[in-house]
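Single-letter residue listing:
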Amino acid sequence: MATQPLEPKDWEDLRRDLHGLLDRCVDQMRDAEDHPWQTPPPDLADRYAIGSGGDVVARVMDQVLPYHGGNTHPKFWGWVQGSGLASDLVAGIAAAVMNTNGGGRHHGINEMERAVIDWTRRKMGFDDGASGVLVAGTSQATVIALQTARVRCCPDARTDGGNTGLTVYAAEGVHNATRKAVELLGLGHEQLRLVRAKNGTIDLHALQQAIVADRASGLTPMAIVGTAGSVDLGGYDDLNGLADLTAAEGIWLHVDGAFGAWTRLADSPWRGLTDGIERADSIALDFHKWMYVGYDCGLALIADQAAHRAAFAARPSYLKGAAEGLAGGEPWFCDYGIDLSRGNRALKVWCALEMFGEEAFAAAITLNCKQAAFMADQVQARGMALAAPVVSNICVFTAAPDLPADQQSALNAQIATHLQLHHATVFSTTDVNGITCLRAAITNHRTRDHHVEQAMQAVVDTAGMLRGVIG
Ligand SMILES: *Cc1c(COP(=O)(O)O)cnc(C)c1O
């Protein structure tokens, strides 16, 4: 039978090959500990050159699957990266077959995305007047939230660009996503006021003063960005304090809760870190970090659905809705964000929650906090030093506190690289008080206490080995 050239030559051959691929994928995920990051071979670019030909399924198994980013491994704690779930296999296969465009129209995705947003809304304590949209991640969610704030602040913003004197406030150390969003909205990052922080928490008095000063010079304070889980040290702003202030000042309160918002699911004392988050006007958070769901998936959650729609909805004639038929259905998520065409992000979150249950996520998040505390104990017991107290799931430390600052920095950076190359353990680094430190952000459901112990022993051993070289 002659086939269309964009169809498989033989579906039964493909079926057989896919069974092999599925077995390989299930093995790789089940045995994640045996599959750490490895340096990609130097000729990978050549192997990937378009037009190389050959059996794609076999090439994916041999040349693609091994060269992942390492974040599926139980001893991966670099940056803030999620570990991926077996439910992603279910969702990925089904999503590929359905090829859903979730921008609008009347099909299952609308209900599923609504269910995911509704569950999250309840966990965050927003009432049922809230709305949301699944996006690539917190970076995009921040743009959506701040654009919503901007249009509420200046209803003309969509028409003529609106007020040029808008200002945004956040603690120094706020994630770069906020700066990017402020730039993208055309405010310019000089309009982002970086307010002093004390122990990783925004100084409310300094914040108030900055607002007063800006108003006095004729500017319009538009939004305060509170952080729930700062990227470097895992600090949490006093969200109730921020909510009191924004309520009194009539300013939008946005919370960057990329990973830290999920302490809402954790046990005490970690849950208390996000008390007050329910009073925010908007939250940006990720499923792909501390909910462990496969990349990519974040959420912009907006307390006031009307404000959310007002910032994005527009239906030109080619997108007209209808009472019934495929052009029916509400909501159309294109009315709530940047994208018109959108993949099926809801399915992998839904599969995760339905496969494991929300209690399993709560337990994993709580466990990661305990593991960070355990890591801090290990740091101190082994003669190393914390760069800052562990608040939830981030532990930042220096391996050799006895050395001068520059030598500590060099040593810690080399330890990070050495462990990545040799021990399947991934820390990243960050600078605290002028010293480059080792940093672990535990957003990994595969991590067990013995992994933490092994890794800390490896840090000590590597430090001992490298000290000779550096000293
Ligand atoms: C990761 C992160 C972001 C950016 O989120 P993406 O999902 O990578 O776009 C923003 N804020 C914080 C605190 C983060 O950790």
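Residues numbered from 1 in each chain as written. Predicted model: local features only at pLDDT ≥ 70, side-chain atom pairs only at ≥ 80, totals over all residues. Heavy atoms only, no water.

## Digging into the sheet that holds strand 11 (residues 394-398)
Backbone hydrogen bonds are what pair the strands of a sheet, in a parallel or an antiparallel way. Quick reminder of the rule: Whether two strands pair depends on DSSP finding at least two bridges between them. Segments assigned H or I by DSSP are reported as helices when at least four residues long, segments assigned E as strands when at least two residues long, and all are numbered from the N terminus. When checking whether two residues touch, look at their non-hydrogen atoms; a contact exists if any pair is within 4.5 Å. Axis angles are defined between N-to-C directions and span 0 to 180 degrees, where every axis is a line fitted to C-alpha atoms and, for a helix, only to the segment in contact.
Reading across from one edge, 10-11-13-12 is the order of the four strands in this open sheet, with antiparallel pairing throughout. Unpaired on one side and paired on the other, strand 10 (385-386) and strand 12 (428-432) mark the two borders of the sheet. Inspection of the sheet shows strand 12 paired to strand 13 (residues 435-441) by five bridges, in the antiparallel sense. Residue pairing across strands places aspartate 431 opposite threonine 436, the latter belonging to strand 13. Most of the contacts of helix 13 (residues 358-381) go to strand 11, to which it runs at about 15 degrees, and overall it touches strand 10, strand 11 and strand 13. Packing of helix 14 (residues 405-422) onto the sheet brings it into contact with strand 11, strand 12 and strand 13, and relative to strand 13 it is tilted by some 35 degrees.

## Considerations on the site of the ligand
The condition is simple: For this purpose, a residue is taken to be near a molecule or strand whenever a single non-hydrogen atom of the residue falls within 4 Å of it. Any pair of nitrogen or oxygen atoms within 3.5 Å is treated as a polar contact; in protein, a donor-acceptor pairing is required on top of that, and neighbouring residues in sequence qualify only through side-chain atoms on both sides. Every accessible area reported is derived by Shrake-Rupley at a probe size of 1.4 Å, with residue values counting cover from the shown protein chains alone. Throughout, the ten residues Ala, Val, Leu, Ile, Met, Phe, Trp, Tyr, Cys and Pro are labelled nonpolar, Asp, Glu, Lys and Arg are labelled charged, and all others, Gly among them, are labelled polar.
Surveying the vicinity of the ligand reveals the residues Gly137, Thr138, Ser139, His175, Ala177, Gly229, Asp256, Ala258, Phe259, Asp286, His288 and Lys289. Backbone polar atom of threonine 138 to an oxygen atom of the ligand: 3.0 Å apart, as the coordinates give it. Separating a nitrogen atom of the ligand from a side-chain N or O atom of aspartate 256 is a distance of 2.6 Å. Surface burial for the ligand is 86%, taken as the share of its 380 Å² of free accessible area covered by protein chains. The class makeup of the residues in the shell around the ligand is three nonpolar, six polar and three charged.

## Considerations on the environment of leucine 233
Which entries qualify depends on this criterion: Remark: exposure states derive from per-residue accessible area (1.4 Å probe, protein chains only) relative to the maximum for the residue type, with buried under 20%, exposed over 50%, and partly exposed in between.
As for its position among the elements, leucine 233 is in the loop between strand 6 (220-227) and helix 10 (239-249). You can call leucine 233 partly exposed: its relative accessible area is 28%. In this structure the C-alpha to C-alpha distance between leucine 233 and glutamine 28, which are 205 residues apart in sequence, comes to 32 Å. In this structure, leucine 233 is in contact with Ala388, Ile394, Val396 and Val432, ignoring residues within four places of it in sequence.

## A look at the domain arrangement of the protein chain
Quick reminder of the rule: The source of the domain bounds is an automatic or database domain assignment. Summed over both partners, buried area is the accessible surface (1.4 Å probe) that two parts give up on being assembled. Here a salt bridge means any side-chain nitrogen of Lys or Arg lying within 4 Å of a carboxyl oxygen belonging to Asp or Glu.
Domain boundaries in the protein chain define domain 1 (96-314 + 321-356) and domain 2 (358-469). Across the contact, 23 residues belong to domain 1 and 23 residues belong to domain 2. Contact between domain 1 and domain 2 buries roughly 2100 Å² in total, counting both sides, with carbon and sulfur atoms accounting for 66%. In this assembly, domain 1 and domain 2 are joined by one salt bridge. As a salt-bridge pair, glutamate 358 and lysine 123 come within 2.7 Å of each other at their nearest N and O atoms. Scanning the region where domain 1 abuts domain 2 turns up eleven residue pairs in polar contact (both at pLDDT 80 or more).

## Re the pairing of strand 7 (residues 252-256)
Selection criterion: Seen with its strands pointing away from the viewer, a crossover is right-handed when the path leading from the first strand over the helix to the second is clockwise.
Burial analysis of strand 7 places five of its five residues in the buried class, which makes it a mostly covered element. By the alternation rule, side chains of strand 7 split into Trp252, His254 and Asp256 and Leu253 and Val255, which are all buried. The sheet contact formed by strand 6 and strand 7 spans five bridges and is parallel. Its bridge partner lying in strand 7, glycine 226 is registered against valine 255. Traced from strand 6 through helix 10 to strand 7, the parallel crossover comes out right-handed. Sheet topology note: the strand 7/strand 8 (residues 282-286) ladder contains three bridges and is parallel.

## Points about helix 5 (residues 108-124)
Here is the rule we go by: What a helix should span is 1.5 Å times the count of its residues minus one.
Given a rise of 1.5 Å per residue, 17 residues ought to cover 24 Å, and the 25 Å separating the end C-alpha atoms of helix 5 matches this to within 8%. Buried residues belonging to helix 5 abut strand 1 (131-135), strand 8, strand 9 (298-302), helix 12 (345-356) and helix 13. Looking at the residues trailing helix 5, positive phi occurs at glycine 125, about 80 degrees.

## As for the sheet that holds strand 8
Strand order across the open sheet formed by seven strands is 1-9-8-7-6-2-3, with mixed pairing between neighbours. Edge positions in the sheet fall to strand 1 and strand 3 (192-195), since each of these pairs with one other strand and no more. Strand-to-strand twist across the sheet, computed as the mean angle between neighbouring axes with direction ignored, equals 20 degrees. Bridge count between strand 8 and strand 9: five bridges; the pairing is antiparallel. Its bridge partner lying in strand 9, isoleucine 283 is registered against leucine 301. Contacting strand 1, strand 8 and strand 9, helix 5 crosses the sheet at an angle of about 115 degrees to strand 1.

## Some remarks on the pattern of salt bridges
Per the counting criterion, the structure on display carries 25 salt bridges. Aspartate 118 is the partner of arginine 121 in a salt bridge, and the nearest nitrogen-oxygen pair spans 2.8 Å. One end of the pair, arginine 121, and the other, aspartate 118, are both in helix 5, three residues apart, so they sit about a helical turn from each other. Residue classification places aspartate 118 among the partly exposed residues on the basis of a relative accessible area of 30%.

## Some thoughts on the packing of aromatic side chains
Short version of the rule: Put simply, two rings from Phe, Tyr or Trp (the six-membered ring, in Trp's case) pair if the centres are within 6.5 Å, and we call them stacked under 30 degrees between planes, edge-to-face over 60, tilted for the rest. Charge over a ring is defined by NZ of Lys or CZ of Arg lying within 6 Å of the ring centre and within 35 degrees of the ring normal.
The final tally for this structure, using the stated rule, is nine aromatic pairs. With a centroid separation of 6.4 Å and 25 degrees between ring planes, the pair formed by tyrosine 292 and phenylalanine 361 is classed as stacked. Highlighted residues: tyrosine 292 in the loop between strand 8 and strand 9 and phenylalanine 361 in helix 13, separated in sequence by 69 residues. Residue tyrosine 292 is classed as buried on the basis of its relative accessible area of 1%. You can call phenylalanine 361 buried: its relative accessible area is 3%. Relative to tyrosine 336, the ring of phenylalanine 333 has its centre 6.3 Å away and its plane inclined at 55 degrees; by these criteria the two rings are tilted. Residue tyrosine 336 is classed as buried on the basis of its relative accessible area of 2%. In this structure an aromatic cluster arises from ring pairing among Trp77, Phe397 and Phe427. Positioned above the aromatic ring of tryptophan 332, the side-chain terminus of arginine 105 is 5.5 Å from the ring centre. Residue placement shows arginine 315 over the ring face of tryptophan 332; its charged tip is 3.9 Å from the ring centre.

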